[in-house]
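# Examining the three-dimensional arrangement
Each chain, written out:
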Amino acid sequence: MNFEKVVFGFFIVFAATLNFGFFVGDIDRPELHHVYELFAAIIVNLIATVLKFGDRTQIGAIHLATSLVADLQLIAAASVWAFAVHVTGEGMTPAVTASVVSLSGGALLANIVSLAILIAETVMMRR
Amino acid sequence: MHPGSAFFIILRRMRAPLILLIAVYAVSILGMTLIPGVDAQGRPTAPMSFLHAFYFVSYTATTIGFGEIPQAFSEGQRMWATAIIYATVIVWTYAILTILALFSDRAFQQALSGGRFKRRVERLSEPFYVLCGCGETGGRVLAALDRMGARAVALDIDENRLAELELEDFRSETPALCGDASQTQNLLAAGLQHRFCRGILGLTNDDQANLAIAAHARLLRPQLPVILRVEHDAIAQRMAAFGATQTINPFATFARLLALAIHAPALYRLYDWLTGTPGAILAATRDPPRGRWIVCGYGRFGHALVAELLREGMEIALIDQHPLEAPGFTAVVGSGVEPDVLAAAGVKQADGLIAATDDDLTNLSIAVVARELNPGLFIVLRQNQQSRAELFAALQPEMIMAPAEIIAHAALARLTTPLLPVFLHAAEERGDDWAWALLARLRLELGSAVPHVWQLSIDANAATAVVSLIAEGCDVTLSALLHDPSDRSERLACTALALRRDEVDAVLPEANATLSVGDQILFVGSAAARAKQELAARNRNVLHYLLTGREETGWLWRTFTASKETVQQLRE
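Residues numbered from 1 in each chain as written. Chains lettered and ligands numbered in written order. Predicted model: local features only at pLDDT ≥ 70, side-chain atom pairs only at ≥ 80, totals over all residues. Heavy atoms only, no water.

### Observations regarding the packing of aromatic side chains
All names here are of chain B. Counted only if it meets this: By convention, a stacked pair of Phe, Tyr or Trp rings (six-membered ring in the case of Trp) has centres within 6.5 Å and planes under 30 degrees apart, an edge-to-face pair has planes over 60 apart, and any other such pair is tilted. Numbering of helices and strands runs from the N terminus; a helix is a DSSP stretch of H or I covering at least four residues, while a strand is a stretch of E covering at least two. Residue exposure (1.4 Å probe, protein chains only): buried if accessible area is under 20% of the type maximum, exposed if over 50%, otherwise partly exposed. For a ring to carry a charge above it, either NZ of a lysine or CZ of an arginine must fall within 6 Å of the ring centroid while also lying within 35 degrees of the normal to the ring plane.
Tallied over the full model, the rule gives 14 aromatic pairs over all chains. Consider the rings of phenylalanine 56 and tyrosine 59, whose centres lie 5.6 Å apart with planes at 80 degrees: the pair is edge-to-face. Of this pair, phenylalanine 56 and tyrosine 59 both sit in helix α3 (residues 50-61), three residues apart, roughly one helical turn. With respect to burial, phenylalanine 56 and tyrosine 59 carry one shared label: buried. An aromatic cluster of at least three residues, connected via ring pairs, comprises Tyr55, Phe56, Tyr59 and Phe73. Stacked on the ring of tryptophan 434, the Lys or Arg arginine 430 has its end atom at 5.5 Å from the ring centre.

### Examining the pattern of salt bridges
Where charged atoms of side chains with opposite charge meet at close range, the side chains can pair. How we decide: Criterion for a salt bridge: a side-chain nitrogen of Lys or Arg within 4 Å of a carboxyl oxygen of Asp or Glu.
This model, assessed by the stated rule, comprises 26 salt bridges over all chains. In this structure, the salt-bridge partner of glutamate 315 of chain B is arginine 292 of chain B, at a minimum N-O distance of 2.5 Å. In this pair, glutamate 315 of chain B sits in strand β10 (residues 315-320) while arginine 292 of chain B sits in strand β9 (residues 292-296), placing the two residues 23 residues apart along the sequence. You can call glutamate 315 of chain B partly exposed: its relative accessible area is 45%. Among the salt bridges present, the one from arginine 311 of chain B reaches glutamate 308 of chain B, with a minimum N-O distance of 3.4 Å. In this pair, arginine 311 of chain B and glutamate 308 of chain B are both assigned in helix α13 (residues 300-311), three residues apart and thus about one turn of the helix distant. Taking the relative accessible area as the measure of exposure, arginine 311 of chain B reaches 62% and is therefore exposed. Looking at glutamate 308 of chain B, the relative accessible area reads 13%, which means it is buried. What emerges from the salt-bridge pattern is a single network uniting Asp26, Arg29 and Glu31 of chain A.

### Some details on the side chain of threonine 88 of chain B
Operational definition: Between two residues, a contact is recorded if the distance between any of their heavy atoms is within 4.5 Å.
Residue position: threonine 88 of chain B is located in helix α4 (residues 75-103). In this structure, threonine 88 of chain B is in contact with Val24, Ser28, Thr60 and Ala61 of chain B, ignoring residues within four places of it in sequence.

### Quick word on the confidence of the model for chain B
Low pLDDT means the predicted atomic positions in that stretch should not be read closely. Residues and elements named next belong to chain B. Heads up, the rule is: Values of pLDDT, which run from 0 to 100, indicate the predictor's confidence residue by residue.
Scored by pLDDT, chain B has a mean of 84; 94% of the residues are at 70 or more. No element of chain B has a lower mean pLDDT than helix α23 (residues 555-571), which averages 56, and none a higher one than helix α2 (residues 15-34), which averages 92. If you check the scores for this complex, the pTM reads 0.69 and the ipTM reads 0.81.

### As for the pairing of strand β18 (residues 494-501) of chain B
All names here are of chain B. What counts is decided by this rule: Two strands pair under a simple rule: DSSP has to find at least two bridges between them.
The element β18 is largely enclosed, with a buried count of six among its eight residues. Of the strand pairs in this sheet, β18 and strand β20 (residues 520-525) are connected by six bridges, and their pairing is antiparallel. Bridging across to β20, leucine 499 finds its partner in isoleucine 521. Pairing analysis gives four bridges linking β18 to strand β19 (residues 504-507), with the strands arranged antiparallel. For arginine 501, the partnering residue across the bridge sits in β19 and is valine 504. The hairpin turn running from β18 into β19, its antiparallel successor, is two residues long, and aspartate 502 in that turn takes a positive phi close to 50 degrees.

### As for the sheet that holds β18 of chain B
Residue and element names in this part refer to chain B. The condition is simple: Working convention: axes come from line fits to C-alpha atoms, limited for helices to the stretch in contact. Angles between N-to-C directions cover 0 to 180 degrees.
If you walk across this open sheet you meet the four strands as β15-β20-β18-β19, and the pairing is antiparallel. Of all strands in the sheet, those with a lone pairing partner are β15 (452-457) and β19, marking the two edges. Strand-to-strand twist in this sheet, taken as the mean axis angle between neighbours without regard to direction, amounts to 20 degrees. Where helix α19 (residues 432-446) meets the sheet, its contacts fall on β18, β19 and β20, and the angle it forms with β18 comes to roughly 130 degrees.

### Quick notes on the interface of chain B and chain A
Note the cut-off: In the analysis that follows, any N or O atom pair within 3.5 Å is treated as a polar contact, provided that within protein one partner can donate a hydrogen and the other can accept it, and provided that, for residues neighboring in sequence, both atoms belong to side chains.
Each partner contributes residues to the interface: chain B has 18 residues there, and chain A has 15 residues. On inspection of chain B and its partner chain A, the count reaches one salt bridge. In this structure, the salt-bridge partner of glutamate 4 of chain A is arginine 15 of chain B, at a minimum N-O distance of 3.8 Å. Joining chain B to chain A, the criterion identifies four residue pairs in polar contact (both at pLDDT 80 or more). Elements supplying a minimum of two residues to the side of chain B that touches chain A: α1 (6-13), α2 and α3 of chain B. Looking at the side of chain B that touches chain A, the element that brings in the most residues is α2 of chain B, giving nine residues.

### Considerations on the sheet that holds strand β6 (residues 197-202) of chain B
All names here are of chain B. Spatial strand order, β5-β4-β3-β6-β7-β8: six strands in an open sheet with parallel pairing. Each of the sheet's edge strands pairs with one partner strand only, and the pair in question is β5 (176-178) and β8 (247-248). Both strand β3 (residues 128-132) and β6 contribute to a ladder of five bridges, which runs parallel. Bridge pairing in β6 places valine 130 opposite isoleucine 200.

Written out as structure tokens, the structure reads:
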């Protein structure tokens with residue numbers, strides 16, 4: 001067992017599960033989508049991204065790309081949230097909640113792709 | 001190290017600091033969103049939102065300390081902020097130090113310079129030579145190529161030598177890579193398969209590396225001219241197996257020259273005069289005598305010398321550190337510095353002495369001692385290091401053998417004037433009297449200083465005007481290139497030595513020879529004559545004047561009026 005692989009797999013799966021946890025629930029009900037869950041998803045996604053740095057293989061490149069997409073979408077979701085609450089002051093209306101959650105849904109898709117690559121790589125490398 | 005991997009090295013090394021940074025930010029922000037604040041009246045308020053927390057941590061962590069605080073912190077917030085300040089400053093410092101350490105890391109710097117080198121070579125858009133090995137020999141070749149306006153790419157295993165090259169005052173910038181020239185990736189990065197690569201020179205002091213260069217050139221870029229330095233015959237044979245016939249063995253080259261000087265002094269002088277540094281005045285030395293020769297040092301050079309001297313029928317005495325099994329000639333054990341050793345070798349009766357060891361100071365002392373014992377000796381000195389040139393010249397030996405100089409001259413001659421060795425070979429066949437007459441005539445015409453030797457190829461690049469007039473059906477004669485463009489009755493200070501057409505070489509071609517496209521002509525003359533000849537070869541109007549004696553007008557005029565008439569005249 002390789003400890004590095006454990007950490008790598010842990011963060012990729014954790015990023016996807018946190019992302020899923022935030023995403024799940026009615027899309028326009030703010031009380032079903034907690035801000036701390038989004039925060040945790042962003043942090044774990046960022047760490048997963050950095051873990052994928054420096055791998056020159058083709059699979060490594062795709063891994064990094066999916067992670068960057070997820071980061072981008074999650075940060076966009078957080079920005080929309082902050083803008084609605086602090087700048088325009090409209091608060092978490094159903095419309096704003098829907099757009100935040102759908103952005104995190106995009107990130108979830110990227111995370112699922114990342115998971116699929118992780119699983120495919122593991123199956124291929126099986127010895 | 002793979003060129004271009006600098007970026008990946010940065011990413012890989014920055015993993016740990018970046019993850020730590022993210023973690024510390026996350027904990028700091030999280031804490032700020034959990035700890036309640038306090039309002040002006042001392043009543044607890046809701047904690048910071050994520051936006052405010054992120055904002056606060058951002059300006060604190062970067063030690064900007066923006067200080068725009070909407071309201072005073074609660075005690076809990078103050079405690080947490082203190083922790084944030086220390087934690088984030090430490091993490092940032094760690095990240096910055098990691099980057100700084102990376103930039104001073106050798107592996108990283110090599111990756112960085114390797115990537116830069118590769119990009120610069122890829123971007124070259126003019127013909128260039130790949131030069132492997134930039135020591136004394138390579139440095140000379142590089143300087144000469146630069147003077148001629150030719151581009152080069154340098155490869156050397158020693159960083160210091162490349163650093164010295166950077167200090168040289170070259171006209172064009174030479175991309176240089178520190179790396180092993182026998183490695184495929186280094187040769188490829190240096191542009192072995194680049195479409196503008198015109199030749200590769202393996203001048204490293206390692207025969208094996210030069211052999212590897214021969215193999216690479218033969219397999220990855222067949223037909224590319226390859227010039228290699230070699231010091232062992234066995235390696236030279238293996239190079240030949242790779243099709244590399246252009247090998248330069250400094251020892252054998254010099255030994256052949258010495259033999260030439262013995263049996264054909266005029267040919268040797270002609271050779272010396274044509275291959276010297278332009279502008280130099282050659283010292284009038286006497287010719288090497290026939291008779292008894294003492295060779296000090298029986299290494300690679302000694303072997304080559306003895307073989308040639310025996311062929312010339314000389315009597316030979318050898319001096320070497322190690323006892324020799326040498327039937328047929330006297331062999332004395334010693335360094336050659338000891339007077340009794342020299343005496344035992346018969347220095348008093350000897351005619352010539354060659355100090356051929358690989359140690360410069362030994363060679364110098366042998367010469368000093370021997371000259372004291374026999375002032376009439378013809379002394380040949382091997383000079384291994386260029387930095388000792390003054391020392392050797394001060395001793396005024398009859399001949400100096402400097403391997404770096406021999407290789408550099410031979411390599412340059414093969415690159416720029418491939419016809420010169422052909423001409424000299426033809427001259428050897430014609431004999432000493434012929435060479436004597438030619439040398440006397442050339443010196444009368446051109447002066448006694450070493451002239452410029454250059455090769456003109458009749459192609460669309462170097463001789464545009466000649467090619468275009470030939471295409472129009474005119475007879476362009478060699479004499480047009482030998483006369484002054486400002487007054488065609490005056491001869492230029494230059495002579496054609498050889499003309500190569502369809503693999504057939506003519507020595508001293510007639511002035512009325514008609515040129516055709518693809519001809520290669522070897523000239524000897526002054527630098528000024530060369531410049532004027534280049535003008536004539538490239539400028540249509542000038543060439544026209546040289547051929548007919550009349551100025552030709554511009555393109556428009558020629559097209560509309562006189563073109564047919566002129567061509568007709570020239571045909572007649």
